[in-house]
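Fold and geometry: a report
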Amino acid sequence: MYSPQRKDFVSLTLGDQHSRSYTNGKHRRQSCWRKWKQLSRLQHSLILFLLAFLFICGILSYPSLTEQWRGLSDRSLKEDWVELDNRGLRPIPPGLVPKLPPVVPGVQDVPPEVMPETQRPSIPLLPKPPAMRKPPSKRGPPALQKRGNVSDWQVKDGEEAMVKREEDGGKEAKTVIRFGLITINWRGTMIEAEQGTELQSTAHGKEGTVADAEEAADLKPVTVKAVDRAEAVREAFRHAWKGYKAFAWGHDELKPISKTHGEWFGLGLTLIDALDTMWILGLKDEFAEARKWVETELSFSKNVDVNLFESTIRILGGLLSTYHLTGDTLFLDKAKDIGFRLMPAFKTPSKIPYSDVNIGKGTAHPPRWTTDSTVAEVTSIQLEFRELSRLTQDPQYQNAVEEVTKQVHRLEGKRDGLVPMFINTNSGKFTRRGAFTLGARADSYYEYLLKQWLQGGKKETELLEDYLQAIEGVKKNLLRQTSPGKLTFVGELSNGRLNPKMDHLVCFLPGTLALGAHNGLPADHMDLAVQLVETCHQMYAQMETGLSPEIAHFNLQSNNGRDIDVKPADRHNLLRPETVESLFYMYRFTKDSKYRDWGWDILQSFNKYTRVPSGGYTSIGNVRDTLNPAPRDKMESFFLGETLKYLFLLFSDDNELISLDKYVFNTEAHPLPIWPSTS
């Protein structure tokens, strides 16, 4: 008999009421996949069909769910507005415009930085209903939160701004304008400013219900006054002056982005250029502090080279103009000083002046690289020196510049009244013949022919003859039309070949033509002026920033559907005045409001793409790029001396403010009196 089989091991089981079984997820997934694989094709199809059916049913049921949620949201919104109504904050029914206090002229479309600090209100906005309010995404004040790729200094410069107060029946009426975001590019220049939406008339909107009309019986539509554009120019000037005063006081030019200054002559060029602008704009406080600087700080006893032309039109012209407007002999004394110091430039073998003068040493010389002067430089100083002689009774100034005029009048090398760009100071003859332009180096020669004739009381017939002949030469040799838009432009002639390019500088011509027609010259001059000023307007309107390039190229054949092309090297804008100058003349003589509208568009573009928040305006490098117009960090003195002055005069309703029958503007926009008749 065999004994029972012995076991070689002991089985031991340990239990714990708190123990949890361990499940291997990977193993479980593998098991599920094995089970799915074990199903038949029919079973697979049934399961997939069921899932698809459930998905389609879910989509079909979504609109009803949406309506349910929308109803909840609407009820919540209605409750919120009822709560506001109970607090006296009644919503405006659709299609109705509330009766507002009178809109103060000069406030709409004006960036908030131009508003005086004391006039910025702290009136809270109505809160959004809770159902519409977005939860904050970042900590800190909303104005300092980053938005996408925009830096944290892309801020709201005043969500609301009170712009003016008016006395109305003994009560103070306040007008509030809301402004949108002011976007600043990485270099520090404002490149975008979205303006607030203007109120629309109920005639252009949907009609409100009867209940809405009864509820809003006291909210009657009112007429909104037009913007006071002249006041907007004043605010632009104050903003530019703010930057100059803070960062460049007493220096030649402001660098608004780097918040410093640049020197050319070291004579406070911007300040002197802006003197008569401040007087014309009625900025008494700014003028008073500038006058004090002229009295106590301005000295021409400096060992420094200055350009004869630039110092004549800006400094001498600015001082003479300010003297005539104010009657203050301080400015006449300073004009005498600088005028006398510029006279060594005329000590040349030909009497054609050198381009540069050392006003401290009393010496003069041509540019370092040539013995030539440009024709524009030597023929665009006559208005100022002639006026200085009239005021001082010293004929040396007038004699010097009229000798230049006489020589140029009889020189050979002209083409139908058009002059070459250069003249030699030793021989007194034109050089580099064959190139003719109304742009740089020749432009103001033509302007001063007409204006000297006007200044002298229309007696110097040789000046008038030269001017009329030159305009005929422009028509014959330089005038062309583009395709497809038929824009009339003034090209350049080089060795008999037309180059279809036009400097922005040429946009002085429409205004000059209109001025001549106003003074009895042929009527077709005005017709040409109308055509050319349209072209100058298009040089702005067809650019993405609304600002003109320095040079435009025009298409004579419709090869790309565009009338105007701009080469990369010509895309900069220097805040130049020539187009707004012509707009001013055209409006004065025609009263056509479109010229004001075009000027307003230009001012808005300056504010949008060139205005620097800390003060000042900057030239830009690319008028085709709205995202980065490439600010150049320089505010030329002529922006205050010319551009803003002409804009203000364009928008002013006072035709006697610098009457064109009593004054003639020099090429730096400084008005000088037309001489009284002695006959």
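Residues numbered from 1 in each chain as written. Predicted model: local features only at pLDDT ≥ 70, side-chain atom pairs only at ≥ 80, totals over all residues. Heavy atoms only, no water.

1. Quick word on the overall build of the protein
- Secondary structure summary: the protein contains 19 helices and 22 strands in total.
- Buried residues in the protein amount to 50% of all 679 residues.
- Residue pairs at least 24 apart in sequence account for 68% of intrachain contacts in the protein once pairs closer than 6 positions are excluded.
- Surface summary for the protein: the accessible area is close to 34,500 Å², and the carbon and sulfur share equals 52%. (Helix = DSSP H or I, 4+ residues; strand = E, 2+ residues; numbered from the N terminus. Buried < 20%, exposed > 50% of the residue type's maximum accessible area, 1.4 Å probe, protein only. Contact = heavy atoms within 4.5 Å. Areas by Shrake-Rupley, 256 points an atom, 1.4 Å probe, with all protein chains shown as cover.)

2. Observations regarding the UniProt feature "binding site: Ca(2+)" (unreviewed entry) in the protein
- Under the local residue numbering, the UniProt record ascribes the feature "binding site: Ca(2+)" (unreviewed entry) to T667.
- Not counting residues up to four positions away in its chain, the partners in contact with T667 are F309, I313, S444, E447, Y448 and E642. (UniProt positions renumbered as here; feature names shortened; annotations may be inferred.)

3. Observations regarding the UniProt feature "active site" (unreviewed entry) in the protein
- Taking the UniProt record as the reference, the feature "active site" (unreviewed entry) is found at E310, D443, E550 and E578.
- Mapped onto the fold, E310 is located in helix α8 (residues 308-326).
- Along the chain, E578 turns up in helix α17 (residues 578-590).
- With residues up to four places along the chain from it excluded, the contact list for E578 reads H504, L505, C507 and F508.

4. Quick word on the state of the cysteines
- The full count for this structure, using the stated rule, is 1 disulfide.
- Across the disulfide from C507 sits C536; the S-S distance is 2.1 Å. Taking the sign of the S-S torsion, about -105 degrees here, the bridge from C507 to C536 comes out left-handed. In this pair, C507 is assigned in the loop between β18 (501-503) and α15 (509-518) and C536 in helix α16 (residues 524-541), connecting sequence segments 29 residues apart.
- When its relative accessible area of 2% is taken as the criterion, C536 is described as buried. (Disulfide = S-S within 2.5 Å.)

5. A look at the sheet that holds strand β8 (residues 356-358)
- Taken in spatial order, the 3 strands line up as β7-β8-β9 in an open sheet, and their pairing is antiparallel. With one partner strand each, in any of the chains shown, β7 (305-307) and β9 (363-365) form the two edges of the open sheet. Between one strand axis and the next, the sheet turns by 30 degrees as a mean value, whatever way the strands run.
- Strand direction decides the pairing type here: β8 and β9, joined by 3 bridges, are antiparallel. Bridge assignment links V357 to a residue of β9, and that residue is A364. (Pairing = 2+ DSSP bridges. Axes fitted to C-alpha atoms, helices over the stretch in contact; angles between N-to-C directions.)

6. As for helix α14 (residues 461-477)
- Here α14 contains 17 residues, and its C-alpha end-to-end distance of 24 Å stays within 8% of the 24 Å for a straight helix at 1.5 Å per residue.
- Every buried residue of α14 is listed here: L463, L464, D466, Y467, A470, I471, G473, V474 and N477. (Expected span 1.5 Å × (residues − 1).)

7. A few points about the packing of aromatic side chains
- Scanning the entire structure with this criterion turns up 20 aromatic pairs.
- Ring geometry for W600 and F651: centres 6.0 Å apart, planes at 75 degrees, overall edge-to-face. Remark: F651 occurs in helix α19 (residues 637-651) and W600 occurs in helix α18 (residues 594-609); sequence separation between them is 51 residues. Accessibility assignment for this pair places W600 and F651 in one class, buried.
- On the basis of an interplanar angle of 45 degrees and a centroid distance of 5.0 Å, the ring pair of Y617 and F639 is categorised as tilted. Here Y617 is found in the loop between α18 and α19, whereas its partner F639 is found in helix α19, with 22 residues between them in sequence. Pair check on accessibility: Y617 and F639 agree, each one buried.
- Through pairs of rings, three or more aromatic residues link up here, namely F584, Y585, F589, Y646 and F665.
- Sitting over the ring of F422, R432 keeps its end group 3.7 Å from the ring centre. (Phe/Tyr/Trp six-rings, centres within 6.5 Å; stacked < 30°, edge-to-face > 60°. Lys NZ or Arg CZ within 6 Å of the ring centre and 35° of its normal.)

8. Examining the nonpolar core
- The biggest cluster of nonpolar side chains holds 149 residues, and the ones touching the most others in it are L275 and V490.
- Once you skip the residues sitting within four places of it in the chain, V490 turns out to touch L438, V474, L478, L479, K501, M502, V506, L509 and L532. (Core = buried A, V, L, I, M, F, W, Y, C linked by side-chain atoms within 4.5 Å.)

9. Quick word on the sheet that holds strand β20 (residues 564-565)
- In space, the 3 strands of this open sheet follow the order β18-β19-β20, with antiparallel pairing throughout. Edge positions in the open sheet fall to β18 and β20, since each of these has one partner strand only.
- One ladder, built from 3 bridges, connects β18 with strand β19 (residues 551-554); its direction is antiparallel. Note that in β19 the partner of M502 across the bridge is A552.

10. Thoughts on the environment of T643
- Relative to the elements of secondary structure, T643 occurs in helix α19.
- A relative accessible area of 0% places T643 in the buried class.
- Residues T643 and A669, spaced 26 residues apart in sequence, show a C-alpha to C-alpha distance of 8.6 Å.
- With sequence-adjacent residues up to four places away left out, T643 is seen in contact with L575, R576, P577, V580, F606 and F638.

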